[in-house]
Amino acid sequence: MTARRIFGIETEYGITCAPPAGRGAAVEAAGADAADGEGAPRVITADDAARYLFRKVVQWGRSSNVFLRNGARLYLDVGSHPEYATAECDDVHQLVVNDRAGESILDEMTEDANELLAEEGVPGTIHLFKNNVDSFGNSFGCHENYLVRRRRDFQAMGDALVPFFITRQILTGAGHIRPRAAGGASYAFSQRADQMWDAMSSATTRSRPIINTRDEPHADADLYRRMHVIVGDSSVAETTTMLKVGMTDLLLAMLEDGVRLRDLAMAEPMRAIREISHDMTATVPVELSSGRRMSALQMQEEFLTRVTGYLDSTGQTAELTEIQRRVLELWERGLRALREQDPSLVETELDWAIKGRLLERYRARHTLALDDPRVARLSLAYHDISARWGLATTLAARGLMARITTDEEVREAIVTPPPSTRARLRGEFVAAAQERRRDITVDWVHLKINDAAQRTVVLKDPFSPTDERVDKLLAALQA
Ligand code: ATP
Ligand code: MG
Ligand code: MG
């Protein structure tokens, strides 16, 4: 095993309320990949839909920004997308489970909200999408968080990561129909690539960087930093999430050990990210700062070679966990699929390939162009998180989408925090407060009882699932 690390994923969901005509119209209204922004008329606005979605949460939490008993944060900003941030995990499998638990929680909230709509006679159905762009061109994100040890060269580490993130999309992109591409509609690797404007910056909204450098570690600032990655597509397939986070974790282990990758810096990163997304062969070269030209495929092969070389030379290969081995195997196979132009090698595991196959088969069956609205609808249904309307459940049941979690694990993670990190303390605190109907305030590092004494505990170590001060706080809550 490489050094233990804390991970978390934040997902912003697309939301829409579709007219009663049914699912077809639903997707048109949201139209992530739709050819235009018109679609079917909206019944209630997305803002109103979000308010229905959060009504119950606001009733019990008295806020639309709450921490749950599984340690996660559920959040609705004014005029924005519902967001779920997983609790701190210390293992990739655990993180995938917790991310799925978030989807289940939001799916259940959607079902409740749709019942409310029906009760109140409001026509339409709310849909939530795990994707990154709506038909109006608004982009919303999926942030990955990686705890790293604080060192003086955070910037150098970020510089090394930028070309990795720019090329990672050929494996972990969600697949995206670009309806107005030059020369007609085309299929691209990533939904997010066209929306990124900066390599590194401390602002998220204005410049939308690949890495957000705002120094907010949610942990002991003397020891740690949080690598806050904004660039990734939201992943539908569990194996894509697994690869996305797992490969980044292994590369970070190497970088934290002082290995540098200066020779892979790109001459024009923001141009490269778009070109690479649009080139489904992954072989068109982009220019490096050194003047050398390399394709995304070659670069990812280089990253993989250096990571496996590093693990071998440091004697860590034999100690890799099962999930880390799966990550390396899928990383290698994904690159082979691209090199051999044979997506069938990963067609149940990587979103762009799973979705690509789905769309291709549908188009062939009905002789449809890529920019046909029916294709856009199918593409969007791939991202619908509903167990009822979304395609993921069906695809998984038919063996067309791999899974690494069990339903039981996911159900458990809806109500139970990861047992091995700080999240456990938060989860127990929230659960105790809910049971005793006590007023508390919680964030990633603070637990506070809102009474006369205002007792507060600061949890600066995200690795620690136990704390005597919290035991006392729990006793005070239960008194
Ligand atoms: P914003 O939504 O404005 O980007 P943010 O990134 O600070 O804010 P959240 O949306 O609350 O915050 O999500 C934080 C994520 O980081 C969660 O998924 C959480 O599990 C994870 N996290 C918390 N502490 C750490 C840490 N010390 N290192 C890495 N990840 C962490
Ligand atoms: Mg967030
Ligand atoms: Mg964030």
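Remember, predicted model here, so these are calculated numbers, not experimental data.

A. Representation of the coordination of the magnesium ion (ligand 2). Within the first shell, the magnesium ion (ligand 2) binds the protein through E10 (OE) and E83 (OE), at distances of 2.0 to 2.1 Å. The metal-metal distance between the magnesium ion (ligand 2) and the magnesium ion (ligand 3) is 3.4 Å, with E10 serving as a donor to both. Within this pair, whereas E10 is found in strand β1 (residues 7-12), its partner E83 is found in strand β5 (residues 82-85), the two being separated by 73 residues in sequence. Neither residue differs from the other here; E10 and E83 are each classed as buried.

B. Representation of the sheet that holds strand β17 (residues 456-458) within the structure. An order of β15-β16-β17 is seen for the three strands of this open sheet, with the pairing classed as antiparallel. Each end of this open sheet is capped by a strand with a single partner; those strands are β15 (440-442) and β17. Across the sheet, the mean angle separating the axes of adjacent strands is 5° when strand polarity is ignored. With three bridges joining them, β15 and strand β16 (residues 446-449) adopt antiparallel strand pairing. Along β16, the bridge assignment pairs V442 with L447. Against the sheet, helix α13 (residues 423-436) makes contact with β15 and β16, and its axis sits at roughly 155° relative to β15, the strand it touches most. On the sheet, helix α14 (residues 468-478) packs against β15, β16 and β17 and is oriented at approximately 30° with respect to β16.

C. How the structure looks around the domain arrangement of the protein chain. Segmentation of the protein chain into domains returns domain 1 (7-413) and domain 2 (422-478). Put simply, the middle of domain 1 and the middle of domain 2, counted by C-alpha atoms, are 32 Å apart. Of the residues lining the interface, 17 residues belong to domain 1; the matching set on domain 2 comes to 17 residues. Approximately 1,500 Å² of surface area, both sides summed, lies buried where domain 1 meets domain 2, with 60% of it carried by carbon and sulfur atoms. Our enumeration of links across domain 1 and domain 2 arrives at four salt bridges. With a closest N to O distance of 2.8 Å, E88 and R422 form a salt bridge.

What counts and how
- Residue positions are given per chain, counted from 1 along the sequence in the order it is written.
- Numbering of ligands from 1 and lettering of chains from A proceed in the order in which they are written.
- Restriction of local features to residues with pLDDT of at least 70 applies here, the model being predicted, together with a cutoff of 80 or more for giving and counting side-chain atom pairs; totals for whole chains, interfaces and linings are based on all residues.
- Excluded from the side-chain calculations are hydrogens and water; all other atoms, namely the structure's heavy atoms, are used.
- Distances define the donors: N, O and S atoms within 2.8 Å of the metal qualify, as do those within 3.2 Å of Na, K or Ca. Water is excluded, so some sites may look unfinished.
- Helix and strand assignments follow DSSP, with helices taken as H or I runs no shorter than four residues and strands as E runs no shorter than two, numbered in order from the N terminus.
- The rule is simple: take the accessible area with a 1.4 Å probe, protein chains only, and divide by the maximum for that residue type; under 20% is buried, over 50% is exposed, in between is partly exposed.
- Note: two strands are recorded as paired if DSSP finds a minimum of 2 bridges between them.
- Axis lines are fitted to C-alpha atoms, over the contacting stretch for helices. Their N-to-C directions set the angle, which ranges from 0 to 180 degrees.
- Contact definition: two residues touch when any of their heavy atoms are within 4.5 Å.
- Domains are outlined according to an automatic or database domain assignment.
- Buried area is a sum: the accessible area each of two parts loses on coming together, probed at 1.4 Å, counted once for each and added.
- Any Lys or Arg side-chain nitrogen located within 4 Å of an Asp or Glu carboxyl oxygen qualifies as a salt bridge.

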